[in-house]
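# Overview (structure and organization)
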Amino acid sequence: MLKEYLQFNSKKNNNNTSNTNTSSNNNTAISTNVINEKSPMFFAISNGSFALAKELLYYYLSHSNRETKFDVNEADDYGYTPLHMASNGDDEMIMALLNCEGINVNLCNRDKNTPFHYFCQKYRYPNCNNLFKKFIEKGTDINALNHRGETPLHKAILNSNVRLIMVNVLLEYGADVNIMTTRGDTPLHYAIHLEREDLVEALIQGGADISLKERGKKTCYEVALEVGNQKVIETMKKYQDLYDWLKNLDLEQYFEKLVRNDFLMGQMHQINEQVLNSLNIQISGHRLKFIKHCGILKLKLERAKEKRALERIQ
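These figures come from a predicted structure and were not determined experimentally. (Residues numbered from 1 in each chain as written. Predicted model: local features only at pLDDT ≥ 70, side-chain atom pairs only at ≥ 80, totals over all residues. Heavy atoms only, no water.)

### Notes on the UniProt feature "repeat: ANK" (unreviewed entry) in the chain
Sites flagged by UniProt as "repeat: ANK" (unreviewed entry) map to residues 78-110, 148-182 and 183-215. With 36% helix and 0% strand, residues 78-110 has its two end C-alpha atoms placed 6 Å apart. Between the end C-alpha atoms of residues 148-182 there is a gap of 6 Å, over a span that is 46% helix and 0% strand. (UniProt positions renumbered as here; feature names shortened; annotations may be inferred. Helix = DSSP H or I, 4+ residues; strand = E, 2+ residues; numbered from the N terminus.)

### Some remarks on the side chain of threonine 114
The residue threonine 114 is located in the loop between α5 (91-98) and α6 (115-122) in this model. Among the residues examined, threonine 114 registers a relative accessible area of 1% and is labelled buried. Once residues lying within four places of it in the same chain are set aside, the contact partners of threonine 114 are His84, Val105, Asn106, Leu107, Cys108 and Ala144. (Buried < 20%, exposed > 50% of the residue type's maximum accessible area, 1.4 Å probe, protein only. Contact = heavy atoms within 4.5 Å.)

### Side note on the pattern of salt bridges
Under the defined criterion, the tally for this structure stands at 10 salt bridges. Between glutamate 92 and lysine 54 there is a salt bridge, with its nearest N and O atoms 3.7 Å apart. Pair noted here: glutamate 92 is in helix α5 and lysine 54 is in helix α3 (residues 50-62), with a separation of 38 residues, a long-range link. Judged by its relative accessible area of 44%, glutamate 92 is partly exposed. Between lysine 237 and aspartate 241 there is a salt bridge, with its nearest N and O atoms 2.8 Å apart. One end of the pair is lysine 237 and the other is aspartate 241, both in helix α13 (residues 230-248) and four residues apart, which spans about a single turn. Relative accessible area serves as the criterion here: at 32%, aspartate 241 is assigned to the partly exposed category. Residues participating in the shared-partner salt-bridge network are Arg148, Glu150 and Lys155. (Salt bridge = Lys/Arg side-chain N within 4 Å of Asp/Glu carboxyl O.)

### Topic: the nonpolar core
One broad trend across soluble globular proteins is that nonpolar side chains are buried collectively. In this structure, Phe119 and Phe290 are the most contacted members of the largest nonpolar core, which totals 83 residues. Counting residues per element, this core draws most heavily on α13, which supplies eight residues. Contact partners of phenylalanine 290, with chain neighbours within four places excluded, come to Trp245, Leu246, Leu251, Tyr254, Leu258, Met268, Ile271, Leu276, Ile281 and Gly295. (Core = buried A, V, L, I, M, F, W, Y, C linked by side-chain atoms within 4.5 Å.)

### Here's the deal with the confidence of the model for the chain
Low-pLDDT stretches of the model should not have their predicted coordinates read in fine detail. For the chain, the average pLDDT comes to 87, and 86% of its residues sit at 70 or higher. When the criterion is pLDDT under 50, residues 17-36 qualifies, and its contacts beyond four places in sequence or with other chains add up to 64 contacts. (pLDDT = per-residue confidence, 0-100.)

### Focus on the environment of proline 152
Take proline 152: it is sitting in helix α8 (residues 152-157). Its relative accessible area of 0% is what places proline 152 among the buried residues. Taking the C-alpha atoms as reference points, proline 152 and asparagine 113, separated by 39 residues in sequence, lie 8.8 Å from one another. Once residues within four sequence positions are removed from consideration, proline 152 is found in contact with Phe116, His117, Cys120, Asp141, Ile142, Asn143, Ala144 and Leu170.

### Some details on the packing of aromatic side chains
Pairs of aromatic rings are described using the distance from one ring centre to the other and the angle between the two planes. For the structure on display, the rule yields 10 aromatic pairs. Aromatic pair phenylalanine 116 and phenylalanine 119: ring centres 6.1 Å apart, planes at 20 degrees, arrangement stacked. With phenylalanine 116 and phenylalanine 119 both in helix α6 and three residues apart, this pair spans about one turn of that helix. There is no split in this pair, since phenylalanine 116 and phenylalanine 119 are both buried. Ring centres of phenylalanine 116 and phenylalanine 132 lie 5.2 Å apart, and the angle between their planes is 70 degrees; this geometry places the pair in the edge-to-face category. Here phenylalanine 116 is found in helix α6, whereas its partner phenylalanine 132 is found in helix α7 (residues 129-137), with 16 residues between them in sequence. Considered together, phenylalanine 116 and phenylalanine 132 belong to a single accessibility category, that of buried residues. Site record: aromatic cluster; members linked through ring pairs are Phe116, Phe119, Tyr123, Tyr125, Phe132, Phe135 and Tyr173. (Phe/Tyr/Trp six-rings, centres within 6.5 Å; stacked < 30°, edge-to-face > 60°.)

Structure, rendered in structure tokens:
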């Protein structure tokens, strides 16, 4: 079941983000199965000893012209590099690795996860912007797919500490919000199953297509009804109502534009020629439909107000 998978990974992430700065007993829980003849820095970081790892890293970098063998991209038998394993370490450790000459931020482990996948899922602190920018500068693939077809945005949904911040930053940098996993789940489906209405809101505002069906069977709203969280249902319904109204008029292509400009069904009666111009809706036939049917909504609203006023008098 998808919900069990998501909850397990979210809880697992939370358990793995206890203090990992100095103790070898509190490791990154990504991989400690290193192969022989690895550098001391690799062993330190694989055991979560980030303070020691930083000292060793700075030593290697300051003695790069001597006989010090150091490969910032070295990996264990499972493909985990130091950057994979530092994903939930402190800012200084991750930034030091990202600043290393020759760092490859797109190396995948056996599960096809890049370091950026783990950063988005496991990073614990709100001030993630500088590291995020550095990943981008280094050429990270923001929409890379792992073996499950998950992007870093899918992984950010599983972040148990700063998931909303991470999701918003990913959307700001243009992450594709509608990529489906191999099982047919978008990040929006993940958010619904985890019962997070704040993430649902952010993803839809960021361009999530609510008409995409989970595994080709159920719409996002239908999934929300099945999950049963009332806040998620209410959040999805207000968007579903707008989408259905537009679809009945063959105007669903304007859903995202209207949502981004804070137009839901409760505001559609405000649509007029001036608003259509501000929204850059130029096709004459479409403008006529909006004016006509938004006018009908406005008339219904006015009649409802008049009826309530008469009832109060009586």
